Each structure stands twice: as C-alpha cells, then as structure tokens.
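Working through the structure, step by step
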Amino acid sequence: MAKTNTNTDLGLVGLVLSGGGVRGLAHIGVIKAMKEYNINATTVSGSSAGALVGALYANGNSIEEMLDFFKSTPLFKYNFLTMAKAGFIDTDKYISLFKNYFPEDSFEALSKKLYLVATNLQKGEETYFSTGELIRPLLASSALPPVFSPVEMNGYLYADGGIMNNFPIEPVKQNSNFIIGSNASVVSPLEKKDLTNAVKLAGRVTGLMIYASSKEKLKSCNVVIEPLELEEIGLLDKKGMDKAFHIGYKHAVKKIEAYLESTRHQNLPLE
C-alpha cells in the first residue's frame, strides 16, 4: 500500500462514525486504511457502535486492540441478564470490562477530541458528551433498546445515540475542514420477495428511517464510506465481525485512493 498523503495536505481532519451494531466494525477497517495513507483525524464523533470505535481510536489503541475489544467483550452473558431494569441485559455490568481499555475513564485522557451522542429518553432529545467521565456515556451511546438497559446519568436515562442521531457530524463540522464519514447503517434496494412478513417489513422501515436522518449529512463529507455489502451482516452477529472489518477496509482504500487521484489531476499544471 502506497502511503501518499498526510494531514498537512488535508488540513484538520474530522472522522464521523455511525451506529450499526456489528457492522460498525467496518469503521475499524476505515481507520486501518487511513493509517496506511497517513491520514490522522484530530476530531472524532460517534454514535452507538461508532462511539465505541471512535473512543478506541481516540484512545490510541492499535487496529488489533480494537478488534480484540469487540471479540473479547461478550454481547450476551448469563450473569449480565436482568429483571430489575428496562432491558434484557444490565449495561452497567460492562463498566468493569471497559475499564481494562479505558483505565482513566476520562475524555481528557484521550489523545484526540471525541464527541459521543446518546439519547435522553425522558427529554426525547440527543445529548453530546465530550468532557469528564467517559465510560458511562460510552455505554449509553451504544445501549440499544430493548436488548441493553438504559444508563442513568445525572438523574436521566440515556440509550443508544442512533435513536436520535445515527451520524453525528455536527461537532466535527465545527472543528474540521476535511471530513471522512463512515456509515455502517446502509440501505440498498430490495426485491418484493424480501418484504414478505411483518418482521422483515419492520426491519426495512427502521433502516429507512435511520438512513433518512443521515442522508443529507453524508453530503457534507469530503469522503464517504458506506459499503452496501454490510447489509448482509446481522446487527448483533458476532460471526460477521471480521467480514465487516474487511469490507470497511476495502471500500475505504478505494474511496481514499479515488479522492487522492482526483486531487492529483486538479493539481496538474496547465499546458
């Protein structure tokens, strides 16, 4: 892989990472491609799975450590089940596991500026977190209901950031002049036979609603990576982790190379 670019060429780089469950491991592939092209984001914003990947990237973890985080952290564990909270799994049980990766539990301890978005269920609005305690906002941003219980902070219950804002570009636009967007919540055309029951229909409608809120924001990115192949991977299918990672990497290389090639042509001297 040719390393053909640096941040001095792109200015202040911002990275936006969407939600998408297991499909969000495509973001790690995107970061791998960025590293190979010497592209370093200084500001990162993430929602749900994108918040997790964004926090690991801002924490300085290697690609291998990021992948290990997702593979070693259990999605479902018997002693994490709960009947006392509004969710099948007690999200607070993950705090001790997360401290293995974020021992200082602080946004200020990160090497990059990080913004996480979560949904305030009581107020019905999105909330950004970027200072102070890290782990609880991180868990809140990725607490997909009804699987994971909401996280209580400051007297409010917070859940998955993707409910209100699955592609949180807003803070990145304020702090960057070049934006890379990685969207793992993709929507591709379907055949009539793919919508034959209520479950499939509900899944399609939910996917369309989430994508609709991100569609216009994606146009503000200089480079967008959103591989349609990710739809083949289930949101909570841990067996699809490696596949999502490789899909994200392959598409990121293609998109970054295409952008760099277009700028090379623009910079050619006039004859």
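Throughout what follows, the structure given in this document is the object of discussion.

Each value, and the rule that gives it
Residues numbered from 1 in each chain as written. Predicted model: local features only at pLDDT ≥ 70, side-chain atom pairs only at ≥ 80, totals over all residues. Heavy atoms only, no water. Helix = DSSP H or I, 4+ residues; strand = E, 2+ residues; numbered from the N terminus. Contact = heavy atoms within 4.5 Å. Buried < 20%, exposed > 50% of the residue type's maximum accessible area, 1.4 Å probe, protein only. Arc of directions from axis to C-beta. Phe/Tyr/Trp six-rings, centres within 6.5 Å; stacked < 30°, edge-to-face > 60°. Pairing = 2+ DSSP bridges.

Time to look at the side chain of Arg136. Of note, Arg136 is situated in helix α6 (residues 135-141). Sequence-distant contacts of Arg136, defined by excluding residues within four places in its chain, comprise Asp92, Ile95, Val151, Glu152 and Met153.

Here we take up helix α4 (residues 63-72). Looking at α4, one finds that the buried residues are Ile63, Met66, Leu67, Phe69 and Phe70. In a view along the axis of α4, the buried residues occupy a sector of 150 degrees, so they form one face of it.

With the rule as written, the count across this model stands at seven aromatic pairs. When the centroid spacing of 6.1 Å and the interplanar angle of 70 degrees are considered together, the rings of Tyr94 and Phe148 count as edge-to-face. Taken as a pair, Tyr94 in the loop between α4 and α5 (95-98) and Phe148 in the loop between α6 and β5 (151-153) lie far apart in primary sequence, 54 residues in all. Residue classification places Phe148 among the buried positions, given a relative accessible area of 9%. Judged by centre distance (5.1 Å) and plane angle (70 degrees), the rings of Phe178 and Tyr259 are edge-to-face. Residue Phe178 is located in strand β7 (residues 178-182), and its partner Tyr259 is located in helix α9 (residues 241-266); the two are separated by 81 residues in the primary sequence.

As defined by bridge partners, strand β3 (residues 113-120) adjoins strand β4 (residues 125-129) across five bridges and the pair is classed as antiparallel. Its bridge partner being in β4, Val117 is matched across the sheet by Tyr128. Where β3 folds back onto β4 in an antiparallel hairpin, the turn is made up of four residues, including Gly124, whose phi is positive at roughly 70 degrees.

Moving on: unusual backbone geometry. Following Pro145, the chain continues to Pro146 via a peptide bond in cis, the omega torsion being 0 degrees. Residue Asn38 is not a glycine yet carries a positive backbone phi of 60 degrees. Under the relative-accessibility criterion, Asn38 is labelled partly exposed at 36%. Of note in this structure, Asn154 is not a glycine but carries a positive phi near 55 degrees. Take Asn154: it is sitting in the loop between β5 and β6 (156-159).

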